[in-house]
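What follows is the residue order along each chain.
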Amino acid sequence: MTDIFSTLPVEADTQRDTRDRILDAAEKLFAKQDYDGTSLREITEFAGANLAAVNYHFGAKKELYRAVLARRFRPINQLRLAQLDAAEKQATGQPVSLRQLLDIFLRPMVTIKTTQADGGPHPFVCLMNRHNAAPHPDMVEVFESEIAEVKKRFFAAFQRALPGIPLPVLGWRLGFVIGGTLHAFARSQPSRTTEGADAPTAGVEVMFQDLLSLLEAGLRTPASQAA
């Protein structure tokens, strides 16, 4: 799964395809500066390309943003749906366990984080965190189009796993799950729990398992009378 997320430094690889270099540059700058705060000229300068290349490969900035999302979301979501299909088949008509659903849905945040050599946040996680906190009005449709099928399938699966939670409550709780996970993996540096080369990866996994326990307990909490 790691190869889905691997991103080499833009400046270091002169053999990279121009399109990929533009996508890498756009992902990093959109994550750092937001959509409105990033110009096509900045992206092309960072990518070592020219405006004609952006126009040729993507057209408008909105389509470049869509391509940045699609490059990451599509393999992630194909994997999520395949794993959900397998889990539901194994459950033989029973609900998939809440813990397993959370793991399938959120595991890409672990995988994408551990591809960073310095253990820091991946630009795509930062971009998603920025969008989740303050979505750009023109980008909501672009974002939603990439997650529509996953959103539909997983909401139904969570509903089966938590039949006692009213649908509106489940909806906002899953929003808390997504927002909290993005915030954690866009900003947190897990402590080194083991020695050696695998220490950062182990630290991320420990943090993730603790997060799963917290989220599972929170989702199971009975809804308030007001809700």
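Keep in mind that what you see is a predicted model, and the values were worked out from it rather than measured.

(A) Examining the overall build of the protein more closely. Across its full length, the protein carries 10 helices and 0 strands. Moving toward the C terminus, one meets the helices and strands of the protein in the order α-α-α-α-α-α-α-α-α-α. The proportion of buried residues among the 227 residues of the protein is 43%. The long-range share in the protein, meaning contacts at least 24 apart out of those at least 6 apart in sequence, stands at 71%.

(B) Local environment of the packing of helix α7 (residues 123-133) against helix α9 (residues 167-187). Closest axis-to-axis distance for the α7/α9 pair is 9 Å, and the angle between their directions is 140°. Judged by the inter-axis angle, α7 sits oblique to α9. Regarding α7 and α9, the two cross each other, and that crossing is left-handed. Packed against α7, whose contacting residues are V125, C126, M128, N129 and N132, the element α9 presents I178, G179, L182, H183, F185, A186 and R187 at the interface. Looking at side-chain class alone, the contact of α7 with α9 contains 7 nonpolar, 4 polar and 1 charged residues.

Reading guide: rules and limits
Counting of residues starts from 1 at the beginning of each chain's written sequence and follows it residue by residue. Given that this is a predicted model, residues contribute local features only at a pLDDT of at least 70 and side-chain atom pairs are listed and counted only at 80 or more, while totals for whole chains, interfaces and linings are drawn from all residues. As a rule here, side-chain values cover all heavy atoms of the structure and leave hydrogens and water aside. To qualify as a helix, a DSSP run of H or I must reach at least 4 residues; to qualify as a strand, a run of E must reach at least 2; elements of each kind are numbered from the N terminus. Buried residues are those whose accessible area, probed at 1.4 Å on protein chains only, stays under 20% of the maximum for their type, while exposed residues exceed 50% and partly exposed ones sit between those limits. In what follows, a contact means two residues having at least one pair of non-hydrogen atoms within 4.5 Å. Orientation is described by axes fitted as lines to C-alpha atoms, over the contacting stretch for helices, and by angles from 0 to 180 degrees between their N-to-C directions. Just so you know how the angles are binned, under 35 degrees is roughly parallel, over 145 roughly antiparallel, 65 to 115 roughly perpendicular, and the rest oblique. Here a crossing is taken to be left-handed if its near helix is turned anticlockwise relative to the far helix by less than a right angle, and right-handed if that turn runs clockwise. In the scheme used here, Gly and all other residues not listed as nonpolar or charged are polar, with Ala, Val, Leu, Ile, Met, Phe, Trp, Tyr, Cys and Pro taken as nonpolar and Asp, Glu, Lys and Arg as charged.

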